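# Fold and contact review
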Amino acid sequence: MINLNKIGIICEYNPFHNGHIHHIHEIKKREPNSIIILVLNGYFLERGEISTISKFSKTQIALNNNVDLVIELPALFGTQSADTFAYTSVYLLNKLKVQKIIFGSETNDINKIITIAKESQTKEYSEEIKKLLNNGVNYPTALAKSLKTKFTFLPNDLLGISYVKAILKINDKIIPETIQRTNSYLDTQSSENIVSASNIRYKLKNHEDISNYLPKEAKEKMNIIDYDLYFKILKSTILTNTHLNEILDVEEGIEFRLKEAALKTNNLEDFINYVKTKRYTYNKINRMLIHILLGIKKIHAKTEIDYLRILGLNKRGRDYLNSIKKDLDISVNINKSSVIYNYEIKASTIYDLLTSQNTYEEELNNKPIIH
(Lines give C-alpha, C1' and ligand atoms only; values in the text may rest on other atoms or scores of the structure.)
Protein backbone atom coordinates (compact mmCIF):
# COMPACT_ATOMS: atom_id res chain seq x y z
CA MET A 1 0.00 0.00 0.00
CA ILE A 2 2.87 2.38 0.79
CA ASN A 3 4.21 1.95 -2.76
CA LEU A 4 1.00 3.23 -4.35
CA ASN A 5 1.08 6.68 -5.92
CA LYS A 6 -1.57 8.82 -4.25
CA ILE A 7 -3.45 10.83 -6.88
CA GLY A 8 -5.99 13.50 -5.99
CA ILE A 9 -8.81 14.70 -8.25
CA ILE A 10 -11.46 17.36 -7.64
CA CYS A 11 -14.85 17.05 -9.36
CA GLU A 12 -18.50 18.09 -9.30
CA TYR A 13 -19.90 15.53 -11.76
CA ASN A 14 -22.85 17.60 -12.95
CA PRO A 15 -23.45 15.11 -14.48
CA PHE A 16 -20.78 12.40 -14.61
CA HIS A 17 -20.03 11.89 -18.32
CA ASN A 18 -17.62 10.38 -20.85
CA GLY A 19 -15.09 13.16 -20.26
CA HIS A 20 -14.85 12.14 -16.62
CA ILE A 21 -14.33 8.52 -17.62
CA HIS A 22 -11.54 9.72 -19.94
CA HIS A 23 -9.99 11.68 -17.04
CA ILE A 24 -9.88 8.59 -14.80
CA HIS A 25 -8.66 6.29 -17.60
CA GLU A 26 -5.82 8.68 -18.47
CA ILE A 27 -4.73 8.76 -14.83
CA LYS A 28 -4.76 4.97 -14.68
CA LYS A 29 -2.70 4.79 -17.91
CA ARG A 30 -0.24 7.34 -16.56
CA GLU A 31 -0.18 5.98 -13.00
CA PRO A 32 -1.17 2.26 -13.13
CA ASN A 33 0.08 1.66 -9.58
CA SER A 34 -2.01 4.35 -7.95
CA ILE A 35 -4.91 5.09 -5.67
CA ILE A 36 -7.33 7.79 -6.85
CA ILE A 37 -8.80 9.99 -4.13
CA LEU A 38 -11.71 12.21 -5.16
CA VAL A 39 -12.89 15.37 -3.44
CA LEU A 40 -16.53 15.56 -4.52
CA ASN A 41 -18.75 18.63 -4.47
CA GLY A 42 -22.30 17.71 -3.48
CA TYR A 43 -25.75 19.24 -3.83
CA PHE A 44 -24.98 22.86 -4.78
CA LEU A 45 -21.98 23.73 -6.90
CA GLU A 46 -19.21 26.29 -7.40
CA ARG A 47 -20.99 28.24 -10.15
CA GLY A 48 -24.21 28.42 -8.12
CA GLU A 49 -25.79 25.44 -9.89
CA ILE A 50 -27.94 22.68 -8.44
CA SER A 51 -26.44 19.24 -8.99
CA THR A 52 -28.40 17.07 -11.42
CA ILE A 53 -27.23 13.96 -9.52
CA SER A 54 -27.32 13.57 -5.74
CA LYS A 55 -24.11 13.47 -3.73
CA PHE A 56 -24.55 9.80 -2.85
CA SER A 57 -25.37 8.72 -6.40
CA LYS A 58 -22.29 10.58 -7.64
CA THR A 59 -20.22 8.77 -5.04
CA GLN A 60 -21.51 5.36 -6.20
CA ILE A 61 -20.87 6.22 -9.86
CA ALA A 62 -17.32 7.36 -9.07
CA LEU A 63 -16.59 4.10 -7.23
CA ASN A 64 -18.03 2.14 -10.16
CA ASN A 65 -15.55 3.91 -12.43
CA ASN A 66 -12.24 3.19 -10.69
CA VAL A 67 -12.14 5.91 -8.05
CA ASP A 68 -10.89 4.34 -4.80
CA LEU A 69 -11.80 6.84 -2.11
CA VAL A 70 -14.41 9.63 -2.18
CA ILE A 71 -14.45 12.45 0.36
CA GLU A 72 -16.91 15.29 0.76
CA LEU A 73 -16.33 18.89 -0.19
CA PRO A 74 -18.79 20.51 2.24
CA ALA A 75 -21.51 22.78 0.84
CA LEU A 76 -20.17 25.70 2.89
CA PHE A 77 -16.99 25.72 0.78
CA GLY A 78 -18.17 24.05 -2.43
CA THR A 79 -20.56 26.93 -3.17
CA GLN A 80 -17.94 29.65 -2.80
CA SER A 81 -15.69 31.20 -5.45
CA ALA A 82 -13.05 29.22 -7.34
CA ASP A 83 -10.19 30.10 -4.99
CA THR A 84 -12.09 28.93 -1.89
CA PHE A 85 -13.42 25.86 -3.70
CA ALA A 86 -9.89 24.97 -4.80
CA TYR A 87 -8.17 25.78 -1.51
CA THR A 88 -10.54 23.64 0.55
CA SER A 89 -10.29 20.74 -1.90
CA VAL A 90 -6.48 20.83 -1.90
CA TYR A 91 -6.49 21.17 1.90
CA LEU A 92 -8.54 17.98 2.24
CA LEU A 93 -6.42 16.07 -0.30
CA ASN A 94 -3.28 17.14 1.52
CA LYS A 95 -4.72 15.73 4.75
CA LEU A 96 -4.94 12.38 2.94
CA LYS A 97 -1.31 12.73 1.82
CA VAL A 98 -1.75 12.86 -1.95
CA GLN A 99 1.40 13.28 -4.02
CA LYS A 100 -0.21 14.63 -7.18
CA ILE A 101 -3.37 16.48 -8.16
CA ILE A 102 -4.37 15.87 -11.77
CA PHE A 103 -6.98 18.07 -13.45
CA GLY A 104 -8.36 18.77 -16.91
CA SER A 105 -6.95 21.71 -18.84
CA GLU A 106 -7.78 23.38 -22.12
CA THR A 107 -4.17 24.40 -22.83
CA ASN A 108 -2.54 21.40 -21.13
CA ASP A 109 0.38 23.73 -20.31
CA ILE A 110 1.15 23.10 -16.63
CA ASN A 111 4.29 25.28 -16.70
CA LYS A 112 2.30 28.29 -17.87
CA ILE A 113 -0.41 27.61 -15.27
CA ILE A 114 2.20 27.41 -12.49
CA THR A 115 3.87 30.64 -13.68
CA ILE A 116 0.55 32.52 -13.72
CA ALA A 117 -0.42 31.11 -10.30
CA LYS A 118 2.84 32.34 -8.81
CA GLU A 119 2.64 35.78 -10.43
CA SER A 120 -1.01 36.33 -9.49
CA GLN A 121 -0.18 35.88 -5.80
CA THR A 122 2.27 38.75 -5.64
CA LYS A 123 1.00 41.87 -3.87
CA GLU A 124 1.33 44.03 -7.00
CA TYR A 125 -0.80 41.77 -9.17
CA SER A 126 -3.39 40.88 -6.52
CA GLU A 127 -4.03 44.60 -5.90
CA GLU A 128 -4.36 45.24 -9.65
CA ILE A 129 -6.79 42.31 -10.03
CA LYS A 130 -8.87 43.59 -7.11
CA LYS A 131 -8.99 47.07 -8.62
CA LEU A 132 -10.14 45.73 -12.00
CA LEU A 133 -12.78 43.51 -10.39
CA ASN A 134 -14.11 46.51 -8.45
CA ASN A 135 -14.47 48.34 -11.77
CA GLY A 136 -16.71 45.59 -13.14
CA VAL A 137 -14.10 43.66 -15.16
CA ASN A 138 -14.69 39.87 -15.07
CA TYR A 139 -12.07 37.67 -13.43
CA PRO A 140 -10.44 36.13 -16.57
CA THR A 141 -10.06 39.57 -18.15
CA ALA A 142 -8.76 41.07 -14.90
CA LEU A 143 -6.18 38.30 -14.61
CA ALA A 144 -5.03 38.73 -18.22
CA LYS A 145 -4.80 42.53 -17.92
CA SER A 146 -2.96 42.50 -14.60
CA LEU A 147 -0.45 39.92 -15.82
CA LYS A 148 -0.17 41.51 -19.27
CA THR A 149 -0.38 38.11 -20.91
CA LYS A 150 -2.17 36.86 -24.03
CA PHE A 151 -2.94 33.53 -22.33
CA THR A 152 -6.60 32.56 -22.93
CA PHE A 153 -8.18 32.00 -19.53
CA LEU A 154 -10.72 29.24 -20.10
CA PRO A 155 -12.74 27.63 -17.26
CA ASN A 156 -10.59 24.58 -16.50
CA ASP A 157 -7.35 26.50 -16.78
CA LEU A 158 -8.75 29.13 -14.42
CA LEU A 159 -9.62 26.43 -11.92
CA GLY A 160 -6.18 24.94 -12.47
CA ILE A 161 -4.58 28.26 -11.54
CA SER A 162 -6.64 28.24 -8.34
CA TYR A 163 -5.54 24.66 -7.59
CA VAL A 164 -1.87 25.57 -8.06
CA LYS A 165 -2.23 28.69 -5.90
CA ALA A 166 -3.69 26.47 -3.17
CA ILE A 167 -0.89 23.92 -3.56
CA LEU A 168 1.73 26.66 -3.20
CA LYS A 169 0.08 27.82 0.04
CA ILE A 170 -0.65 24.40 1.58
CA ASN A 171 2.07 22.00 0.43
CA ASP A 172 4.32 22.82 -2.51
CA LYS A 173 5.56 19.22 -2.59
CA ILE A 174 2.25 18.18 -4.20
CA ILE A 175 2.78 17.93 -7.96
CA PRO A 176 0.08 19.46 -10.18
CA GLU A 177 -0.46 17.78 -13.55
CA THR A 178 -2.88 18.34 -16.40
CA ILE A 179 -4.83 16.16 -18.77
CA GLN A 180 -5.85 17.67 -22.10
CA ARG A 181 -9.49 18.66 -22.07
CA THR A 182 -11.01 17.54 -25.37
CA ASN A 183 -13.95 19.97 -25.40
CA SER A 184 -14.91 23.48 -24.34
CA TYR A 185 -17.05 24.12 -21.27
CA LEU A 186 -18.75 26.89 -23.24
CA ASP A 187 -19.59 24.69 -26.24
CA THR A 188 -23.26 23.66 -26.20
CA GLN A 189 -23.47 22.46 -29.81
CA SER A 190 -20.90 19.70 -30.17
CA SER A 191 -22.11 16.11 -30.61
CA GLU A 192 -18.75 14.38 -30.22
CA ASN A 193 -18.49 11.38 -27.89
CA ILE A 194 -17.03 13.60 -25.18
CA VAL A 195 -18.86 16.87 -24.56
CA SER A 196 -18.96 19.18 -21.55
CA ALA A 197 -21.40 18.87 -18.65
CA SER A 198 -22.91 22.22 -19.64
CA ASN A 199 -23.45 20.86 -23.18
CA ILE A 200 -25.28 17.83 -21.75
CA ARG A 201 -27.47 20.02 -19.53
CA TYR A 202 -28.23 22.26 -22.51
CA LYS A 203 -29.22 19.27 -24.65
CA LEU A 204 -31.36 17.88 -21.83
CA LYS A 205 -33.14 21.20 -21.43
CA ASN A 206 -33.91 21.14 -25.15
CA HIS A 207 -35.20 17.55 -24.96
CA GLU A 208 -32.30 16.12 -26.99
CA ASP A 209 -31.07 12.56 -26.47
CA ILE A 210 -27.98 12.55 -24.24
CA SER A 211 -27.40 8.78 -24.15
CA ASN A 212 -24.16 8.93 -26.18
CA TYR A 213 -22.45 11.36 -23.82
CA LEU A 214 -22.60 9.64 -20.44
CA PRO A 215 -22.82 6.15 -18.98
CA LYS A 216 -26.27 4.63 -18.53
CA GLU A 217 -26.02 4.66 -14.73
CA ALA A 218 -25.39 8.42 -14.71
CA LYS A 219 -28.32 9.12 -17.02
CA GLU A 220 -30.61 7.01 -14.84
CA LYS A 221 -29.55 8.88 -11.70
CA MET A 222 -30.18 12.36 -13.09
CA ASN A 223 -32.90 14.26 -11.25
CA ILE A 224 -35.50 16.70 -12.49
CA ILE A 225 -34.95 19.96 -10.61
CA ASP A 226 -38.02 22.04 -9.78
CA TYR A 227 -36.78 25.53 -10.61
CA ASP A 228 -40.24 27.03 -10.13
CA LEU A 229 -40.20 25.85 -6.53
CA TYR A 230 -36.59 27.02 -6.19
CA PHE A 231 -37.63 30.52 -7.25
CA LYS A 232 -40.62 30.53 -4.87
CA ILE A 233 -38.47 29.51 -1.88
CA LEU A 234 -35.82 32.03 -2.89
CA LYS A 235 -38.34 34.82 -3.34
CA SER A 236 -39.91 34.14 0.05
CA THR A 237 -36.50 34.03 1.72
CA ILE A 238 -35.36 37.31 0.16
CA LEU A 239 -38.56 39.16 1.06
CA THR A 240 -38.69 37.93 4.67
CA ASN A 241 -35.00 38.01 5.63
CA THR A 242 -34.32 41.33 7.35
CA HIS A 243 -30.58 40.63 7.57
CA LEU A 244 -29.72 39.80 3.96
CA ASN A 245 -26.55 41.87 4.26
CA GLU A 246 -25.18 39.20 6.62
CA ILE A 247 -25.33 36.57 3.87
CA LEU A 248 -22.14 35.67 2.00
CA ASP A 249 -21.67 37.61 -1.28
CA VAL A 250 -24.51 40.06 -0.51
CA GLU A 251 -22.45 43.25 -0.75
CA GLU A 252 -22.81 47.02 -1.14
CA GLY A 253 -26.57 47.37 -0.86
CA ILE A 254 -27.37 44.67 -3.45
CA GLU A 255 -29.99 43.36 -0.97
CA PHE A 256 -32.29 46.25 -1.94
CA ARG A 257 -32.00 45.34 -5.61
CA LEU A 258 -32.71 41.69 -4.71
CA LYS A 259 -35.90 42.61 -2.84
CA GLU A 260 -37.02 44.86 -5.69
CA ALA A 261 -36.39 42.06 -8.20
CA ALA A 262 -38.32 39.58 -6.03
CA LEU A 263 -41.36 41.88 -6.12
CA LYS A 264 -41.17 42.66 -9.83
CA THR A 265 -40.32 39.31 -11.46
CA ASN A 266 -42.11 35.97 -11.74
CA ASN A 267 -39.37 33.53 -12.69
CA LEU A 268 -35.71 32.87 -12.00
CA GLU A 269 -34.38 33.97 -15.39
CA ASP A 270 -36.14 37.35 -15.23
CA PHE A 271 -35.01 37.76 -11.63
CA ILE A 272 -31.32 37.21 -12.49
CA ASN A 273 -31.53 39.53 -15.51
CA TYR A 274 -33.08 42.21 -13.29
CA VAL A 275 -30.31 41.95 -10.71
CA LYS A 276 -27.42 41.50 -13.14
CA THR A 277 -25.00 44.38 -13.56
CA LYS A 278 -21.51 44.78 -14.99
CA ARG A 279 -20.10 43.85 -11.59
CA TYR A 280 -22.65 41.21 -10.63
CA THR A 281 -22.23 38.56 -13.32
CA TYR A 282 -24.55 35.61 -13.93
CA ASN A 283 -22.36 33.16 -12.02
CA LYS A 284 -21.79 35.56 -9.15
CA ILE A 285 -25.53 36.11 -8.75
CA ASN A 286 -26.26 32.37 -8.93
CA ARG A 287 -23.65 31.73 -6.23
CA MET A 288 -25.14 34.50 -4.08
CA LEU A 289 -28.63 33.03 -4.47
CA ILE A 290 -27.45 29.63 -3.23
CA HIS A 291 -25.92 31.34 -0.19
CA ILE A 292 -29.24 33.09 0.45
CA LEU A 293 -31.11 29.81 0.02
CA LEU A 294 -28.83 27.99 2.48
CA GLY A 295 -28.51 30.99 4.79
CA ILE A 296 -24.70 30.94 4.59
CA LYS A 297 -23.41 33.87 6.61
CA LYS A 298 -20.25 35.87 5.97
CA ILE A 299 -18.99 35.11 9.48
CA HIS A 300 -18.94 31.39 8.61
CA ALA A 301 -17.20 31.69 5.22
CA LYS A 302 -13.76 30.86 6.63
CA THR A 303 -14.82 28.33 9.24
CA GLU A 304 -11.99 25.98 10.19
CA ILE A 305 -12.54 22.48 8.83
CA ASP A 306 -12.97 20.23 11.86
CA TYR A 307 -13.57 16.84 10.20
CA LEU A 308 -13.05 14.94 6.96
CA ARG A 309 -16.04 12.95 5.75
CA ILE A 310 -15.63 9.71 3.84
CA LEU A 311 -18.49 9.31 1.35
CA GLY A 312 -17.40 6.01 -0.15
CA LEU A 313 -14.48 3.68 -0.74
CA ASN A 314 -13.46 0.35 -2.23
CA LYS A 315 -11.08 -2.22 -0.72
CA ARG A 316 -8.02 -0.36 -1.97
CA GLY A 317 -9.36 2.88 -0.51
CA ARG A 318 -10.21 1.22 2.79
CA ASP A 319 -6.77 -0.40 3.06
CA TYR A 320 -5.09 2.92 2.28
CA LEU A 321 -7.18 4.80 4.82
CA ASN A 322 -6.38 2.22 7.49
CA SER A 323 -2.66 2.50 6.65
CA ILE A 324 -2.57 6.27 7.29
CA LYS A 325 -5.18 6.60 10.06
CA LYS A 326 -2.63 6.84 12.84
CA ASP A 327 -0.91 9.72 11.01
CA LEU A 328 -4.06 11.74 10.26
CA ASP A 329 -4.35 15.05 12.08
CA ILE A 330 -8.03 15.49 11.25
CA SER A 331 -11.02 13.45 12.43
CA VAL A 332 -12.84 11.20 9.97
CA ASN A 333 -15.92 11.30 12.22
CA ILE A 334 -18.61 13.91 11.61
CA ASN A 335 -18.87 16.66 14.18
CA LYS A 336 -22.64 17.14 14.46
CA SER A 337 -22.25 20.40 16.36
CA SER A 338 -20.14 21.85 13.56
CA VAL A 339 -21.32 24.78 11.44
CA ILE A 340 -20.11 22.80 8.43
CA TYR A 341 -22.36 19.84 9.26
CA ASN A 342 -25.38 22.07 9.92
CA TYR A 343 -25.07 23.68 6.49
CA GLU A 344 -24.70 20.24 4.90
CA ILE A 345 -27.94 19.07 6.52
CA LYS A 346 -29.72 22.20 5.34
CA ALA A 347 -28.37 21.70 1.81
CA SER A 348 -29.67 18.13 1.88
CA THR A 349 -33.20 19.08 2.99
CA ILE A 350 -33.51 21.82 0.37
CA TYR A 351 -32.07 19.57 -2.33
CA ASP A 352 -34.71 16.96 -1.45
CA LEU A 353 -37.48 19.57 -1.80
CA LEU A 354 -36.23 20.54 -5.25
CA THR A 355 -35.62 17.02 -6.58
CA SER A 356 -38.01 14.74 -4.64
CA GLN A 357 -35.04 12.72 -3.38
CA ASN A 358 -34.38 11.43 0.14
CA THR A 359 -30.75 12.38 0.75
CA TYR A 360 -31.61 13.66 4.25
CA GLU A 361 -32.03 10.09 5.51
CA GLU A 362 -28.68 9.12 3.98
CA GLU A 363 -27.07 12.14 5.67
CA LEU A 364 -28.39 11.01 9.04
CA ASN A 365 -27.33 7.39 8.46
CA ASN A 366 -23.83 8.65 7.71
CA LYS A 367 -22.54 5.35 6.33
CA PRO A 368 -19.85 5.42 3.62
CA ILE A 369 -20.77 3.59 0.44
CA ILE A 370 -18.70 0.39 0.26
CA HIS A 371 -17.80 -0.80 -3.23
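Anything mentioned here points back to the structure above.
Quick caveat: nothing in here was measured; it's all calculated off a predicted structure. (Residues numbered from 1 in each chain as written. Predicted model: local features only at pLDDT ≥ 70, side-chain atom pairs only at ≥ 80, totals over all residues. Heavy atoms only, no water.)

It is worth spelling out the pattern of salt bridges at this point. What the rule picks out here adds up to 21 salt bridges. We note a salt bridge from D68 to R316, for which the minimum N-O separation is 3.7 Å. With D68 in the loop between α2 (55–64) and β3 (69–73) and R316 in helix α15 (residues 315–324), this pair connects stretches of sequence that are 248 residues apart. Overall, D68 belongs to the buried group, its relative accessible area being 4%. Using a relative accessible area of 33% as the deciding quantity, one classes R316 as partly exposed. (Salt bridge = Lys/Arg side-chain N within 4 Å of Asp/Glu carboxyl O. Helix = DSSP H or I, 4+ residues; strand = E, 2+ residues; numbered from the N terminus. Buried < 20%, exposed > 50% of the residue type's maximum accessible area, 1.4 Å probe, protein only.)

Let us look at the nonpolar core. Counting 119 residues, the largest nonpolar core has Y13, F44, L258, F271, L289 and I292 as the members making the most contacts within it. At eight residues, the largest contribution of residues to this core is made by helix α16 (residues 339–355). In contact with F271, not counting residues within four places along its chain, are F231, I238, L258, A261, A262, T265 and L289. (Core = buried A, V, L, I, M, F, W, Y, C linked by side-chain atoms within 4.5 Å. Contact = heavy atoms within 4.5 Å.)

This next bit is on the pairing of strand β6 (residues 310–313). As judged from the three bridges shared by β3 and β6, these two strands associate in the antiparallel manner. Counted as the bridge partner of L69 is L313 from β6. As defined by bridge partners, β6 adjoins strand β7 (residues 369–370) across two bridges and the pair is classed as parallel. Residue pairing across strands places G312 opposite I369, the latter belonging to β7. (Pairing = 2+ DSSP bridges.)

Attention now moves to the pairing of β3. Burial analysis of β3 places five of its five residues in the buried class, the great majority of the element. Alignment of strand β2 (residues 34–41) against β3, held across five bridges, turns out to be parallel. Within β3, the position partnered with N41 by the bridge is L73. At this point the chain moves from β2, through α2, to the parallel β3, and the crossover so formed is right-handed. (Right-handed = clockwise from strand over helix to strand, strands pointing away.)

Okay, helix α7 (residues 139–147) next. Every buried residue of α7 is accounted for by A142, L143, A144, S146 and L147. Tucked into the core, α7 has its buried residues touching α5 (110–120), α6 (123–134) and α8 (155–170). Phi turns positive, to about 50°, at K148, one or two residues after α7.

Read these as spatial facts, not as claims about activity.
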